[in-house]
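Coordinate analysis (summary)
The lines below spell out each chain.
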Amino acid sequence: MEGKECLSVVPAETTSTEQIEHEQVCVTVRDCTTGKKEQHLTQLVVGADGIRSNVRRSLNTMAEEYKVWPGTKHGKFNVKKYTTPATGLRLKALQLPPKFPIPNNDGTSIESFSKNMYVFIAKNKGPKDFVRFGLLPMIDNESCRPCNVITRPSHDIWKLEKDGEVYKEWFQKAFPRLPIQTNDKSKALFPDEEWDRFAKAEYTSFPPAQRCTGLAAVSPQGQAGVVLVGDACHAFSPDIGQGVNAGLADVVALGRALQGVNVLTGKEDEKKGNTPAVGTALKTYEHVRSPEIKALIRLARFGSPYQYNQPLYRDKIGKMLWLSNLVLRLMLNKLTFGIIPKQCLLEAQNPKQTFRKIMRKADTTTAGLVGMLLAGLWYTVLRKFVNFPLVV
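For the structure given in this document, a descriptive report is provided here. Values in this document were obtained by computation on a predicted structure and should not be read as measured data.

Rules used in this analysis
- Residues numbered from 1 in each chain as written.
- Predicted model: local features only at pLDDT ≥ 70, side-chain atom pairs only at ≥ 80, totals over all residues.
- Heavy atoms only, no water.
- Helix = DSSP H or I, 4+ residues; strand = E, 2+ residues; numbered from the N terminus.
- Buried < 20%, exposed > 50% of the residue type's maximum accessible area, 1.4 Å probe, protein only.
- Contact = heavy atoms within 4.5 Å.
- Polar contact = N/O pair within 3.5 Å; in protein donor to acceptor, adjacent residues only side chain to side chain.
- Pairing = 2+ DSSP bridges.
- Core = buried A, V, L, I, M, F, W, Y, C linked by side-chain atoms within 4.5 Å.
- Salt bridge = Lys/Arg side-chain N within 4 Å of Asp/Glu carboxyl O.

A positive phi angle, close to 55°, is found at lysine 99, a residue other than glycine. With respect to the helices, strands and loops of the structure, lysine 99 is situated in the loop between strand E6 (90-96) and strand E7 (101-103). Even without being glycine, asparagine 309 reaches a positive phi, approximately 50°. Using a relative accessible area of 24% as the deciding quantity, one classes asparagine 309 as partly exposed.

Pasting the structure below:
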């Protein structure tokens, strides 16, 4: 419903003698223009309303209304949040023109290409003034290129006056080789209008990795239900590039569950036969997707949280340790001819593997490495203090 804000989602009261009691859902919405409230009755509500989901809030807080659905456990809709090294980072984006020129030392320039990734590093090296321009690859070479600026909240740029000229002057000092502040406006990398827009635009803050264990609530007879998909039930910073994929996977899994086919493969199950009731389908969806989402959030926490190259010492040390772990697992993978898996983010590049399988393999490797380390330490202690022989 375009232009409408969802206010609540609760079991509906019976309005007809032909209806089974509480086997419908009542959705209350408000028109964003007029403020008028409306109520709609339906059999199924899909909460795809983002990280601040009002559908999830209704499931979590309206315990009194959901008493008529005895199987609903409201605690499972509490959001579990996990702080990662990327949590709290702030992002703003400048728009570069298509095929923008990249200056050389000799005064010439190179035309950029959309499928290439570019990184421009400022001359500033301090913890509060270091900055980079990051440009991800794009397919369309005729489109504007978003130029991402990602920093900690304590960075100097968040203290600047919201004026385009102020930002332009600051970035010209940080990137002296780029034509940001020039007398010839036609040669400027960004037009003045873009600096004004950038200065006044609000930043985006990376959320903690978060999920709720519950994905669905079902009526007593299973004829109605409420279900969550996408950011409404899981969200994380864009470190692993799986945000859109995970949301689409939820939708595909829900569609398959409603059709009565295998949720993982999409193949028909001869034993099930007819299309299942809404309640049965939602329970199947929750049973299959909930463990996947749990594994996905763990992947988001440990996959690649230091890729934004922040200048604080804790970020530098964390990235060094993370990179050492990645290299170690990659070497072990090569030495064992694939028996030991690669680091979890590299394993996630294989579309045939589920997130559960990826993280189970990663945990098994971690347990093995920790066990070997502890065994080595224990043996060293025995050798030193008990004169334990090397060979018995």
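Let's pick the thread back up.
Moving on: the environment of proline 305. Tracing the backbone shows proline 305 in the loop between helix H5 (278-302) and helix H6 (313-335). Overall, the relative accessible area of 5% leaves proline 305 in the buried class. Spatially, the C-alpha atom of proline 305 lies 8.2 Å from that of isoleucine 240, the residues being 65 residues apart in sequence.

Let us look at the environment of arginine 197. Residue placement: arginine 197 occurs in helix H3 (residues 192-200). Using a relative accessible area of 36% as the deciding quantity, one classes arginine 197 as partly exposed. On a C-alpha basis, the gap between arginine 197 and threonine 365 in space is 48 Å, while along the polypeptide they are 168 residues apart. Sequence-distant contacts of arginine 197, defined by excluding residues within four places in its chain, comprise Ala93, Leu94 and Gln95. Here glutamate 194 takes part through its side chain, which lies 2.6 Å from a polar atom of the side chain of arginine 197.

Across the 7 residues of strand E11 (residues 145-151), 6 count as buried, placing the element largely inside the fold. Pairing analysis gives 7 bridges linking E6 to E11, with the strands arranged antiparallel. If you follow glutamine 95 over to E11, its bridge partner there is proline 146.

Ranked by size, the top nonpolar core spans 53 residues in total, and within it Val9, Val25, Tyr66, Val226, Leu228 and Tyr285 carry the most contacts. At 11 residues, H5 tops the list of elements feeding residues into this core. Leave out the neighbours within four places in its chain, and valine 25 touches Val9, Val10, Ala12, His40, Leu41, Thr42, Gln43, Val45, Trp69, Ala224, Gly225 and Val226. The next biggest cluster of nonpolar side chains, apart from the first, holds 26 residues, and it includes Phe100, Ile157, Ala174 and Phe198.

So, on to the pattern of salt bridges. Evaluation of the coordinates by the stated rule reveals 16 salt bridges. Residue aspartate 315 is joined to arginine 152 by a salt bridge in which the shortest nitrogen-to-oxygen separation is 2.7 Å. With a gap of 163 residues between them, aspartate 315 in helix H6 and arginine 152 in the loop between E11 and helix H2 (164-174) connect regions that are remote in the sequence.

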